[in-house]
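Descriptive analysis of the structure
Next come the chains, spelled out residue by residue.
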Amino acid sequence: MMKKIVPPLLTLLLLGFHPSGSASDVYLQSLQGRLYSQPAFNATMIDELQKGAVMQLISQQKSWSEVRYQNKEGWISSYLIKATPPTKPVSLLTGEESESISDSARRRASVVTTAGAARGLAASERRARLGDDIRRSYLQLRKIERFSLGEEELNHFLATQDSAREERP
Amino acid sequence: MIRHLSHFIFLSLLLSSSVTAETATGANNNFRQRISQTTLINDADIAEDIRAEISFGRELATVVISDYPLLENLELQRYLNLVMQRLLQFGDRQELTYHIAILNSDEVNAYTTPGGYIFVSRGALKEMQDEAELAAVIAHEIAHVNRRHIVNELQIRGEADPLQAGIGQFFAGFSDAARVALEQAIDTALDLLFGNGLKQADEFDADASSTLLLAQAGYDATALERYLQRIAPLQGESMRVLVTTHPTFADRISRLAAIYQQEGITAAHGDRHQQRFTRHFHRS
């Protein structure tokens, strides 16, 4: 077991410490990020940054990082930055059709038998319903995965302000 | 693809069974700490690990769906996706594609599986009063994904070099050994979702980082506290899983108050979009 665990851990360790830029460079991971004058959300917003923006880390305080971005200095949430550039999108969906429904259903059938038992369902009862259940679940999952929003629709949603916002005490 | 799927999952599961064995000895706390420190240091954004995470999350999501019927309502699904996308503008894992669906259950809860599969129950939606509360629940689930709580607990990992893992024998199909390992890991994950729950620290962590996500996205970031205050007095079967898998409401609420204080968050800031929320739920 150790043989199997150690090599990946070593690889990760090396990768984790490998500097990809200047020692203090940090990169915005999210699509957007806001730079504030103080480490608090009620502080003045200095700038809005885009994914991949490079900042120089000055200091850190709790969940905030003080950074220099171009000629400005300010605070950004530490959750949004990392010492490495943002990772490219990863998907399993290329070639997913090669996994036939019957293959995956057969494999999942066994998994769900155990899962059902773990949750207190009688294995025999679970198994009786199994074929249809798993096939249906898999198709439903695919439907969820295929759902996507239009760009225009999303932009409209993002741009809509809460009209009641100013009325709250 | 099936080759990939089998090999990632098999590999990750070899590792996860070692975690399970340690847990059984009672030495789990120290072991967990060591694991989580290692993970924090490395924070591995290697594509292989991410693929393994998505593969496993997908398997687990299929099991969740097989136990809970989905609510088929395109209009509501669209709305939940829009709210989720508003949050994801400020999400730090742009490598993932997130998916969201509604479970047609009276249970008041939400679930997430690794890789970005999020489920909110009809019972939970019924208790919400505005879009910020919906966003708060989704943000809590996003936080579990982004902070890799299940991935770290089960040590789900990919392997860049298949030969190193002696994986060739599994290319022909899904072997018995791999299937057993997958079953074990799915069971452990189900226990995290429906049984004993994640570590309390992971739940507090999800509350904290989701609050910051809400604030970043311009929502009223006190929404989680409002929602928890409302559901705290509820009792009965619909609350059973939420209560057994999460820390007490009082504990969560008091920690949230401290975060609001520290981060300069007040209820006066941010959108609630109550009208838009009500409109969607009345129409549906």
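An account of the accompanying structure is given in this report. (Residues numbered from 1 in each chain as written. Chains lettered and ligands numbered in written order. Predicted model: local features only at pLDDT ≥ 70, side-chain atom pairs only at ≥ 80, totals over all residues. Heavy atoms only, no water.)

So, on to the packing of helix α4 (residues 151-159) of chain A against helix α4 (residues 74-88) of chain B. Between α4(A) and α4(B), the least distance of the axes is 10 Å, while the angle of their chain directions is 65°. Considering their axes alone, α4(A) and α4(B) lie roughly perpendicular with respect to each other. Relative to α4(B), the crossing made by α4(A) is right-handed. Counted together, Glu153(A), Leu154(A), Phe157(A) and Leu158(A) of α4(A) and Arg78(B), Tyr79(B), Leu82(B), Val83(B), Gln85(B) and Arg86(B) of α4(B) form the full contact between these two elements. Within the contact of α4(A) with α4(B), the residues separate by chemical class into six nonpolar, one polar and three charged. (Axes fitted to C-alpha atoms, helices over the stretch in contact; angles between N-to-C directions. Helix = DSSP H or I, 4+ residues; strand = E, 2+ residues; numbered from the N terminus. Parallel < 35°, antiparallel > 145°, perpendicular 65-115°, else oblique. Left-handed = near helix turned anticlockwise from the far one by under 90°. Contact = heavy atoms within 4.5 Å. Nonpolar A, V, L, I, M, F, W, Y, C, P; charged D, E, K, R; others polar.)

Residue and element names in this part refer to chain B. Ordered by their spatial adjacency, three strands build an open sheet running β1-β3-β2, and the pairing between neighbours is mixed. Each of the sheet's edge strands pairs with one partner strand only, and the pair in question is β1 (99-103) and β2 (110-113). Across the sheet, the axes of successive neighbouring strands diverge by a mean angle of 20°, strand direction being ignored. Bridge count for β1 against strand β3 (residues 117-121) is five bridges, and the pairing is parallel. (Pairing = 2+ DSSP bridges.)

All names here are of chain A. The side-chain alternation of strand β1 (residues 25-28) yields two buried faces, one formed by Asp25 and Tyr27 and the other by Val26 and Leu28. Examined bridge by bridge, β1 and strand β4 (residues 54-61) share three bridges and lie antiparallel to one another. Note on β4: the bridge partner recorded for Asp25 is Gln56. With two bridges connecting them, β1 and strand β7 (residues 81-82) associate as antiparallel partners. Pairing of Leu28 across the sheet is with Ile81, part of β7. (Buried < 20%, exposed > 50% of the residue type's maximum accessible area, 1.4 Å probe, protein only.)

Right, let's talk about helix α10 (residues 223-231) of chain B for a bit. Those residues of α10(B) not exposed but buried are Ala223(B), Leu224(B), Arg226(B), Tyr227(B), Leu228(B) and Ile231(B). Buried residues along α10(B) sit against α5 (122-127), α6 (131-146), α9 (200-216), α11 (240-245) and α12 (249-263) of chain B.

This paragraph deals with the pattern of salt bridges. All names here are of chain B. Applying the stated criterion across every chain yields a total of 25 salt bridges over all chains. Residues Asp220 and Arg272 are paired through a salt bridge, measuring 2.8 Å at the closest nitrogen-oxygen approach. Taken as a pair, Asp220 in the loop between α9 and α10 and Arg272 in the loop between α12 and α13 (274-283) lie far apart in primary sequence, 52 residues in all. Assigned by exposure class, Asp220 and Arg272 land together as buried. Here Glu237 and Arg240 are joined by a salt bridge, their closest N and O atoms 3.1 Å apart. A relative accessible area of 41% means that Arg240 is categorised as partly exposed. Overlapping salt bridges, with partners in common, bring together Asp130, Glu133, Asp220, Arg226, Arg230 and Arg272 in one network. (Salt bridge = Lys/Arg side-chain N within 4 Å of Asp/Glu carboxyl O.)

This part takes up the environment of Arg230(B). Residue and element names in this part refer to chain B. Examined against the element boundaries, Arg230 turns out to sit in helix α10. For the pair Arg230 and Glu127, spaced 103 residues apart in sequence, the C-alpha to C-alpha distance is 7.6 Å. Sequence-distant contacts of Arg230, defined by excluding residues within four places in its chain, comprise Glu127, Met128, Gln129 and Glu133. Within the structure, the side chain of Arg230 is placed 3.3 Å from the side chain of Gln129, a separation counted as a polar contact. (Polar contact = N/O pair within 3.5 Å; in protein donor to acceptor, adjacent residues only side chain to side chain.)

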